[in-house]
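Summary of the model geometry
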Amino acid sequence: MKLFYLFSVTLLTLFVFHIADAQTSDGKISGSVLDDARKPLDGATVILLIAKDSVVVGTKLADQDGSFSFQNLKYNTYAVKVTYIGYKNYKSDPVAVSGQKTVNLPAFILSPVGKKLNEVSVTAKKSYIEQKIDRTVINVGALISNTGANALEVLSKTPGVQVDADGNITFKGKSGVMVMIDDKPTYLSAANLVTYLRSLPSSSLDQIELMDNPPAKYDAAGNAGVINIKTKKTTTRGFNAVVSANLAQGFYGRTDESINFNYRIDKVNFFANVAYNKQKTFRRLEIDRNYFDTDGEPTSSLKDISYFRPSSNNTNIKAGLDFFASPKTTWGVVFTGTISHDHDSSPVYSLLYNKTGELDSTINTLNTSTNKFDSKGVNLNYTHKFDSTGRTFTFDLDYIRNVAGSNQMFLNNTFLPDGTLTNSSILTDNLPSTINIYSAKADYTHPLKGKAKLEAGFKSSYVNTDNAANYFNVIDNVSAIDYNNTNRFLYKENINAAYINFNKDFGRFSLQTGLRLENTNGSGHQLGNAQRPDSSFVKHYTNLFPTAYFSYKLDTAGHNTLVLSYGRRIGRPNYGSLNPFTFFVDKFTYFSGNPFLKPQFTDNYKLAYNFKSLFTVAVAYNHANDVQNETIHKDGNVFISTTGNIGQQKTIDFSINSNLQPAKWWTVNLYAEVYNNTYEGEFYTGYLHESKTTFSANGNNQFTLSKTWSAELSGFFNTSGTYGQFVSIPTGMLNAAIQKKILNNKGSVKFNVRDVLKSFSPSGTITNIVGATATYHNFVDTQVATLTFTYSFGKTIDVPHKRETGGAGSEQDRAH
């Protein structure tokens, strides 16, 4: 099968080369950009347009001497537009490229908007969604209602992304998405990833890249693709800063403060983003279970009511230094840190009924927990540009250390219906966890003749984890080790990867193909105790991951475009999922790891049609084997949740995205999709077959009320869907926001309300449990009103964009 994929990609590549080679062109436009003092404007943005309809042909950044050039142009009439922050935009007269193959333009002289900072007014506004050949880009700051939210809340509003009450993320109906921060995996367990994203304020976010079929340059991990969260980083000369503070009120109050600043002088740029938030949230979870004998007759039922009121203090820091050794060489170092402490006192009320529906007993559980999460990382990066054509070499070295810990106490009291106490027990635990991650990667880009580019690189990572679960039964204030559940699990993993990627334009045709090889070596050791023997396992596997994108412009202006893509992905188990420990929620609910998990493999196919930047329609088909999903099975009256391989998943997805402007003051983005999920395979109950079609819609309206006032109305709605054993019910959310610019447009005051109608309530049923049925219902603290003040100050003279650094993204993601 692998050979068939490689053969198909190679054959199609050769076919496109053959039919499109004749369309290459050799026209060239060159020039330079200067300020009013005739000094080069290094890093000015130069945009080449078709003069007739302003369709963008290409974009360049002016070099150190202010020069730029566009090569391999078709014979046509063009226009050149130049932008630079702090200067007035410039647009040239029409430029014809015909018999005269090379056109050398006179220098463009840009005039400053003003001499003083308070005279500078930047009014450009990013669109909420940008479509590219291999990804969709979400500009976080384009939505007022993102103000005061955390990263997880921002993701829940992102088109195609769904977040449940536990923080689990699905993308286009599929679980197993890889979340990256600044192109780096997070290496975190699912629980720690949720903690981290909730601690990351939206004020520190720049963009979210959605890649359902990432190119070969990215790690092949992530069954559903990659969500890459880009944080803010500034390289503007001088001192510049943005401060933000907000006060929010939901069920409880929250505060959030952040500062993003940089200071650049000569060849050195120092930057930092520091954020602190304090929050307390609320959630009520109801689970109803009915138990049956082998004949299907009722035997008992259980109603669990749990209250969660976690309070947390979170600090996030990202700081770094860039040294521009020469116009072509840059060295950089980046430090990241996250410190999160939370406390929760969660009562659980369990009502046990007999087969006739009469109350048999009541069990009250008080779960008190104190948790900490501490992540520190350092990245050393290097970039060298060999020439102005784009030939570049980069490398990244990363070290990340995650330390987490939890101390819990479970107090269980059992009562008869008349209130008589019949039993009392106390269980305590201590759950320390340490993860060390080492990563090195290098990438090389080499432009070729005829609008072609070759990329290649390698990556190697090493991860070691140490997780302990220490449980104690407390009797008469004396703690005794619970050997049945006490454990320690060590896991080590090394992944070596190499890739090659090629892209080329042939007039109306564009091609991008890639191949990535990944070699995985893992070993796990479950240490024994006084009553249990130890055990271990070793895994080695090597796989190829081809990717291909083919784009065709249906008209010469490029208004109508078709894009066909294919990619193969792998979903490796999270480190925590391999951990065979048992984690207690209450007397009737446990979580357990699975050291026998196998990686899942997914083939993704997609065909999309784009009309300008206004309208995109896509149909996709995904087929996954050895699907990893949360599974529920029963042991007596206890429900045990674990990650398992449940056979295969087939997903058919039809989506549509549109950007409209019904009026000058009104901009609309609408996203809708219909997808069908089908799960099939051997399961605890025998053979699992679940299939359901889901409709999902996400809309955003932005209103420009005046030069200083703007407003927003947004929301989403999802119908019922199936995700393995879980079948969700419809849910949605409506958000509203308003913004006022103040202090000469350097400051703003924003007020927004999330979940205006208090309609977001993730609930559903759990199917395929032998001898039981179950439903769940969440009441979540999502109706939150937030007031935010933001202020910007400093110089606004832009410099060339600094590349995203880091290479430990996928490993960090699996550690959450």
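Quick caveat: nothing in here was measured; it's all calculated off a predicted structure. (Residues numbered from 1 in each chain as written. Predicted model: local features only at pLDDT ≥ 70, side-chain atom pairs only at ≥ 80, totals over all residues. Heavy atoms only, no water.)

So, the side chain of Asp781
The topology assignment puts Asp781 in the loop between strand S50 (772–780) and strand S51 (784–794). Residue classification places Asp781 among the buried residues on the basis of a relative accessible area of 10%. Reaching out from Asp781, the side chain makes a polar contact with the side chain of Arg254 at a distance of 3.3 Å. Residue contacts for Asp781: discarding those within four places in its chain leaves Gly250, Phe251, Tyr252, Arg254, Lys280, Thr281 and Phe282. (Helix = DSSP H or I, 4+ residues; strand = E, 2+ residues; numbered from the N terminus. Buried < 20%, exposed > 50% of the residue type's maximum accessible area, 1.4 Å probe, protein only. Polar contact = N/O pair within 3.5 Å; in protein donor to acceptor, adjacent residues only side chain to side chain. Contact = heavy atoms within 4.5 Å.)

Some remarks on the sheet that holds strand S17 (residues 226–231)
Reading across from one edge, S10-S11-S16-S17-S14-S15 is the order of the six strands in this open sheet, with mixed pairing throughout. The sheet terminates laterally at strand S10 (129–131) and strand S15 (184–185), the two strands that pair on one side only. Direction of pairing for strand S11 (residues 136–139) relative to strand S16 (residues 205–211): antiparallel, over a ladder of four bridges. Bridge pairing links Thr136 to Leu210 in S16. (Pairing = 2+ DSSP bridges.)

Focus: a nonpolar patch on the surface
On the surface, Phe239, Tyr263, Ile265, Val268, Phe270, Leu321, Phe323, Trp331, Leu380, Leu397 and Phe793 cluster together into a nonpolar patch covering about 900 Å² of accessible area. Those elements that provide at least two residues to the nonpolar patch are strand S19 (253–265), strand S20 (268–280) and strand S23 (311–326). With respect to the helices and strands, the residue Leu321 is situated in strand S23. Judged by its relative accessible area of 36%, Leu321 is partly exposed. (Patch = residues over 30% accessible without salt bridge, like charges linked within 9 Å, V, L, I, M, F, W, Y side chains within 5 Å. Areas by Shrake-Rupley, 256 points an atom, 1.4 Å probe, with all protein chains shown as cover. Salt bridge = Lys/Arg side-chain N within 4 Å of Asp/Glu carboxyl O.)

Regarding the nonpolar core
If you look at the biggest cluster of nonpolar residues, it comprises 32 residues, and the most contacted ones within it are Leu155, Val161, Ile169, Leu197, Ile208, Ile227 and Ile229. Counting residues per element, the ones that place at least two in this core are helix H2 (151–156), strand S12 (161–163), strand S13 (169–171), strand S14 (178–181), helix H3 (190–199), S16 and S17. Setting aside residues no more than four positions away along its own chain, Leu155 makes contact with Val161, Val163, Ile169, Leu197, Ile208, Ile227 and Ile229. If you look at the next biggest cluster of nonpolar residues, it comprises 24 residues, including Ile29, Val33, Leu48 and Val103. (Core = buried A, V, L, I, M, F, W, Y, C linked by side-chain atoms within 4.5 Å.)

Overview of the layout of surface pockets
The space that makes up the second largest pocket amounts to roughly 240 Å³. Among the secondary structure elements, those contributing two or more residues to the lining of the second largest pocket are strand S26 (392–415), strand S27 (421–430) and strand S35 (582–586). Of the residues belonging to the lining of the second largest pocket, the class tally is five nonpolar, four polar and three charged. (1 Å grid on protein atoms, 1.4 Å probe; cavity = no way out; pocket = protein on both sides within 12 Å on 5 of 7 lines; lining within 4 Å. Points joined across faces, edges and corners; volume = space filled by probe spheres on them. Nonpolar A, V, L, I, M, F, W, Y, C, P; charged D, E, K, R; others polar.)

Some words on the sheet that holds strand S39 (residues 628–635)
Taken in spatial order, the four strands of this open sheet run S35-S36-S40-S39, and their pairing is mixed. In the strand order of this sheet, the two ends are held by S35 and S39, each with one partner. Strand after strand, the sheet turns through a mean of 25° between neighbouring axes, direction not considered. One ladder, built from eight bridges, connects S39 with strand S40 (residues 638–645); its direction is antiparallel. (Axes fitted to C-alpha atoms, helices over the stretch in contact; angles between N-to-C directions.)

Notes on the environment of Thr582
On the secondary structure map, Thr582 appears in strand S35. In this structure Thr582 comes out as buried when scored by relative accessible area, which is 18%. Leaving out residues up to four positions away in the same chain, Thr582 has contacts with Tyr471, Asn485, Tyr590, Phe591 and Ser592.

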